[in-house]
Amino acid sequence: MTKNKIVDLNEYRSQKVLDEQMKELDRIGLEQYDIMSPTEQKGYRNFKRLLEAVDKKHREKTKK
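Residues numbered from 1 in each chain as written. Predicted model: local features only at pLDDT ≥ 70, side-chain atom pairs only at ≥ 80, totals over all residues. Heavy atoms only, no water.

Glancing now at the overall build of the protein chain. For the protein chain, the count of helices and strands is 2 helices and 0 strands. Here the protein chain has a C-alpha radius of gyration of 16 Å; the compact-globule value for 64 residues is 11 Å, and the former is much larger. If you line up the protein chain on its principal axes, its C-alpha atoms span 50 × 20 × 20 Å. Taking all 64 residues of the protein chain together, the buried fraction comes to 14%. Total accessible area on the protein chain stands at roughly 6,100 Å², and carbon and sulfur atoms take up 56% of it. For the protein chain, the distance from the average site of its 16 positive side-chain charges to the average site of its 12 negative ones is 8 Å. (Helix = DSSP H or I, 4+ residues; strand = E, 2+ residues; numbered from the N terminus. Rg over C-alpha atoms; globule rule 2.2 N^0.38 Å. Buried < 20%, exposed > 50% of the residue type's maximum accessible area, 1.4 Å probe, protein only. Areas by Shrake-Rupley, 256 points an atom, 1.4 Å probe, with all protein chains shown as cover. Lys, Arg positive; Asp, Glu negative; His and termini not counted. Charge placed at Lys NZ, Arg CZ, Asp CG, Glu CD.)

A few words on the pattern of salt bridges. This structure, assessed with the given rule, holds 5 salt bridges. Arginine 27 is the partner of glutamate 24 in a salt bridge, and the nearest nitrogen-oxygen pair spans 2.5 Å. Taken as a pair, glutamate 24 and arginine 27 lie in helix α1 (residues 9–32) at a separation of 3 residues, close to a single helical turn. For glutamate 24, a relative accessible area of 36% puts it in the partly exposed group. The partly exposed category is assigned to arginine 27, whose relative accessible area is 37%. (Salt bridge = Lys/Arg side-chain N within 4 Å of Asp/Glu carboxyl O.)

You can see leucine 30 is positioned in helix α1. Classification of leucine 30 by relative accessible area gives exposed; the value is 74%. For the pair leucine 30 and asparagine 46, spaced 16 residues apart in sequence, the C-alpha separation works out to 15 Å.

Turning our eyes to something else, we now look at the environment of aspartate 55. Within the fold, aspartate 55 resides in helix α2 (residues 38–63). With 51 residues separating them in the primary sequence, aspartate 55 and asparagine 4 have C-alpha atoms 25 Å apart.

Take the side chain of glutamine 15 next. Structurally, glutamine 15 can be placed in helix α1. For glutamine 15, a relative accessible area of 12% translates into the label buried. Apart from the residues within four sequence positions on either side, glutamine 15 is in contact with Asp55, His58 and Arg59. (Contact = heavy atoms within 4.5 Å.)

Right under this line is the structure:
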């Protein structure tokens, strides 16, 4: 038997948009990473790391 779960619809939509944006960023990174300059590669990695940290913190906050 499963318990009913209350879900904030706005939160769900926001998370879904963020997930799609992360997938798109991954796709672009895979296609373009090899032709990026070292500076662009570093910027890409840092930006990706920042987005993942924000996502992780946001998910932890909403689970409480």
